[in-house]
Amino acid sequence: MTKKFVLGIYDDEDVLLQAIENVRAAGTNIYEVFSPYPVHGIDDVLGIKRSRLPIVAFFCGLFGTSFALWMQIWMLGFDWPMIIGGKPHISLPAFIPVTFELTVLCAAFGMVITFFIVTKLKPSFKVNVFDKRSTDDKFVMAIEVKEGVTDMSALNNLLRSNGAIEVNEKEVIK
């Protein structure tokens, strides 16, 4: 399945931010914006909501803490109790290092797995790069073209009037 995109190429981040606002105000849906480095404020301009990944991290960490405490209390208090130096079987201060490590481990793995699932990232041999200059010194705004719906000349004029130094079309295999 191939998708067709119109690429507006910009050489200044301030012009790009203004162009994003104007293109969205004109009712055009922006597929993605590529930049060679992080641009402050681009998430707000694109209308991207705040990530819920910290919530997932909290619950995965809570699971790791609960599992670590349950595991140690069960193993050292009930399954195989041993009296070591006269200490009680369930000694919470001794459980702190293992509890901390499992909390961090579960939170980290939970965030990574959730990130890959939500973004649908998977290993592949071919990576679609819209414009190679977006990794060096140019900013690229990609707008998906829907056959019979998108007016190409109006879109081209919209991008050029908002500071695009170049407007290209590209087909990508998805």
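What counts as what
Residues numbered from 1 in each chain as written. Predicted model: local features only at pLDDT ≥ 70, side-chain atom pairs only at ≥ 80, totals over all residues. Heavy atoms only, no water. Core = buried A, V, L, I, M, F, W, Y, C linked by side-chain atoms within 4.5 Å. Buried < 20%, exposed > 50% of the residue type's maximum accessible area, 1.4 Å probe, protein only. Helix = DSSP H or I, 4+ residues; strand = E, 2+ residues; numbered from the N terminus. Contact = heavy atoms within 4.5 Å. UniProt positions renumbered as here; feature names shortened; annotations may be inferred. Patch = residues over 30% accessible without salt bridge, like charges linked within 9 Å, V, L, I, M, F, W, Y side chains within 5 Å. Areas by Shrake-Rupley, 256 points an atom, 1.4 Å probe, with all protein chains shown as cover. Salt bridge = Lys/Arg side-chain N within 4 Å of Asp/Glu carboxyl O. Phe/Tyr/Trp six-rings, centres within 6.5 Å; stacked < 30°, edge-to-face > 60°. Axes fitted to C-alpha atoms, helices over the stretch in contact; angles between N-to-C directions. Left-handed = near helix turned anticlockwise from the far one by under 90°. Nonpolar A, V, L, I, M, F, W, Y, C, P; charged D, E, K, R; others polar.

(A) Seen up close, the nonpolar core. Ranked by internal contacts, the top residues of the largest apolar core, which has 22 residues, are Y10, L16, I20, V33, I42, M141 and L159. If you list the elements that add at least two residues to this core, you get strand 1 (2-10), helix 1 (13-25), helix 2 (42-46), strand 3 (139-145) and helix 5 (152-161). Broken down by element, the residue count for this core peaks at five residues, all from helix 1. With sequence-adjacent residues up to four places away left out, V33 is seen in contact with L16, I20, I42, L46, V140 and M141. Core analysis: the second largest hydrophobic core is formed by seven residues, F130, V140, A142 and V172 among them.

(B) Examining the UniProt feature "transmembrane region" (unreviewed entry) in the protein chain more closely. Within the UniProt annotation, "transmembrane region" (unreviewed entry) is assigned to residues 55-74 and 94-118. As a span, residues 55-74 carries 100% helix and 0% strand, and end to end its C-alpha atoms are 28 Å apart. With 100% helix and 0% strand, residues 94-118 has its two end C-alpha atoms placed 37 Å apart.

(C) Quick look at a nonpolar patch on the surface. The grouping of F63, F67, W70, W74, M75, L76, F78, I90 and L92 at the surface amounts to a nonpolar patch, some 930 Å² of accessible area in total. Inspection of the secondary structure puts F63 in helix 3 (residues 53-79).

(D) Layout of the packing of aromatic side chains. The tally for this structure, following the rule as stated, stands at ten aromatic pairs. Aromatic pair F58 and F59: ring centres 5.3 Å apart, planes at 70°, arrangement edge-to-face. Here the aromatic rings of F63 and F67 are separated by 6.1 Å at their centres, their planes lie at 15°, and the arrangement is stacked. Highlighted residues: F63 and F67, both in helix 3, separated by four residues, approximately one helical turn. When its relative accessible area of 52% is taken as the criterion, F63 is described as exposed. What makes F67 partly exposed here is its relative accessible area of 33%.

(E) Inspection of the packing of helix 3 against helix 4 (residues 92-119) at higher detail. Where helix 3 meets helix 4, the closest approach of the two axes is 7 Å, and the angle between their N-to-C directions is 145°. Of the two possible hands of crossing, helix 3 and helix 4 adopt the one that is right-handed. When the residues that make up the contact of helix 3 with helix 4 are grouped by side-chain class, the tally is 19 nonpolar, eight polar and no charged.

(F) The arrangement of the environment of T150 in detail. In this fold, T150 is placed in the loop between strand 3 and helix 5. Assessed through its relative accessible area of 26%, T150 is described here as partly exposed. The spacing of T150 and E101 is 49 residues in sequence and 53 Å in space, taken between C-alpha atoms.

(G) Summary view of unusual backbone geometry. For K120, which is not a glycine, the phi torsion comes out positive at approximately 60°. By relative accessible area, which is 68% here, K120 ends up exposed.

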